[in-house]
Amino acid sequence: MAHIVGAITTSHVPAIGRAIAKGLQQDPYWKPFFDGFPPVREWLARARPDVVVVVYNDHGLNFFLDKMPTFAIGAAEQYRNADEGWGIPTVPPFEGDPALSWHLIESLVAQDFDLTTCQEMVVDHAFTLPMALCWPEMDWPVRTVPVCVNTVQAPLPSAQRCLRLGQALGRAIASWPADQRVVVMGTGGLSHQLDGERAGFINKEFDLQFMRSMRSDPSWATQFSTTQLVEQAGTQGVELLNWLVARGTLPDQVRIVHENYHIPISNTASGLMLLEPMR
Ligand code: DHB
Ligand code: FE
C-alpha cells in the first residue's frame, strides 16, 4: 500500500524564482530563506519519495476569474510551466501519475469531495518554486499530482473544509494499492497582502501561532472564518489553507523534522515546515 512519508509546507513567492535564476542563494537578503532548505533536501534523499502531491493555489495561469473551481486536481501525463509575467525562467515539465490521480479522484468523490478533474493543466510558480527548492537540479526525480485550492476569489473554502479535504486525501493516498512513498506539499503563505490599503501587511505573531498549531492542534485555524483569516494573515496570507490540506493528510501525532520562518521575502512572511507522521 502507498504511504505518506511526510509533508512539506512552504511559501511560494515569485521572487524566489528570480533569485534562483541569478544564483543569489548566498546573498544576505536571500540567505536566511534559502538556508531553510538543505535539511529538507537531506531528508528527501533519505525519504526517497516516488510521488509528490502538491497542494497549491493557481494564480491565473491555469484558471482565471471567469472559471474558478473551489478544488481541482490534475490527471495528466505531464504538467508544463509557462510564463506568468513575473520574469522567472520557465522550468522543465513535470511527470504526472494519471493512475494515482484517478484513484484519488474516485476516492475523494466517494468521500463527498467533488474536485474538478483536469486532464490538461499548466502549473504556476506556486507549484514549480517549491519543487525547485526541493530539487534545485530541476531533474524532478518524482511523479507529481497537482491539487488546487481556490484561495484567490471569494467565496473561499473554509479552513474546516480544507482540513477535511486533507483528511480525505490522506485516506485516499493510503488506500492506493501500489507500494509507493508519497510526500504531500502545501504551498503559499504565510501572512502577506499584495494590494489594497493593507499592502505589505505581515502578522508574525499569527504566523508563529499557526506554525505551532500545525504540530499538535491543526484544527486551531478552523476557529476563524475566511474573513477572519484574511484579517489575521492578509488577502494572500489566506494561502495557508493549502498548508491545512497538507497537514490534514497526516495523523494527529506528527514530528517536526525541520522548520524555518523569515520576514520578509518580497512582500511575504516566508515559512517552511517538514512534518513526519508518528506511527
Ligand atoms: C508574492 C507572494 C505570493 O504568494 C504570490 O503568489 C505572488 C507574489 C510576493 O510576496 O511578492
Ligand atoms: Fe501566492
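This text gives an overview of the structure that appears in the document.

Cut-offs and rules
Residues numbered from 1 in each chain as written. Chains lettered and ligands numbered in written order. Predicted model: local features only at pLDDT ≥ 70, side-chain atom pairs only at ≥ 80, totals over all residues. Heavy atoms only, no water. Near = heavy atom within 4 Å. Polar contact = N/O pair within 3.5 Å; in protein donor to acceptor, adjacent residues only side chain to side chain. 1 Å grid on protein atoms, 1.4 Å probe; cavity = no way out; pocket = protein on both sides within 12 Å on 5 of 7 lines; lining within 4 Å. Sits in = over half its atoms within 2 Å of the grid points. Nonpolar A, V, L, I, M, F, W, Y, C, P; charged D, E, K, R; others polar. Pairing = 2+ DSSP bridges. Helix = DSSP H or I, 4+ residues; strand = E, 2+ residues; numbered from the N terminus. Axes fitted to C-alpha atoms, helices over the stretch in contact; angles between N-to-C directions. Donors = N, O, S within 2.8 Å, 3.2 Å for Na, K, Ca; no water. Buried < 20%, exposed > 50% of the residue type's maximum accessible area, 1.4 Å probe, protein only. Disulfide = S-S within 2.5 Å.

Section: the site of ligand 1
Taken together, the residues surrounding ligand 1 are His12, Val13, Pro14, His59, Trp86, His125, His192, Leu194, Glu239, Ser266, Asn267 and Thr268. Interatomic distance of 2.7 Å between a side-chain N/O atom of His59 and an oxygen atom of ligand 1. One can see that ligand 1 is located within the largest pocket. A breakdown of the residues in the shell around ligand 1 according to their chemical character gives four nonpolar, seven polar and one charged.

Observations regarding the sheet that holds strand 7 (residues 143-149)
Ordered by their spatial adjacency, eight strands build an open sheet running 6-3-7-2-8-1-10-9, and the pairing between neighbours is mixed. Each end of this open sheet is capped by a strand with a single partner; those strands are strand 6 (116-118) and strand 9 (254-265). Adjacent strand axes in the sheet meet at a mean angle of 15° when their direction is disregarded.

Regarding the coordination of the iron ion (ligand 2)
On the protein side, the iron ion (ligand 2) has His12 (NE2), His59 (NE2) and Glu239 (OE) as donor atoms, found 2.0 to 2.2 Å from it. Motif for the iron ion (ligand 2), donor spacing along one chain: H-x46-H-x179-E. On the criterion of sequence distance, the pair formed by His12 in the loop between strand 1 (3-10) and helix 1 (14-22) and His59 in the loop between strand 2 (51-56) and strand 3 (71-74) is long-range, its members being 47 residues apart. A residue is classified by how much of its surface remains accessible, and His59, at 32% relative accessible area, is partly exposed.

Side note on the state of the cysteines
Linking two cysteines covalently through their sulfur atoms gives a disulfide. One pass over the structure, following the stated rule, counts zero disulfides. Of all cysteine sulfurs in the structure, the one in Cys148 sits closest to Cys118, which takes part in no disulfide; the separation is 6.9 Å. Counting only cysteine sulfurs, Cys148 is the nearest neighbor of Cys162, a cysteine outside any disulfide, at a range of 12 Å. Residue classification places Cys162 among the buried residues on the basis of a relative accessible area of 0%.

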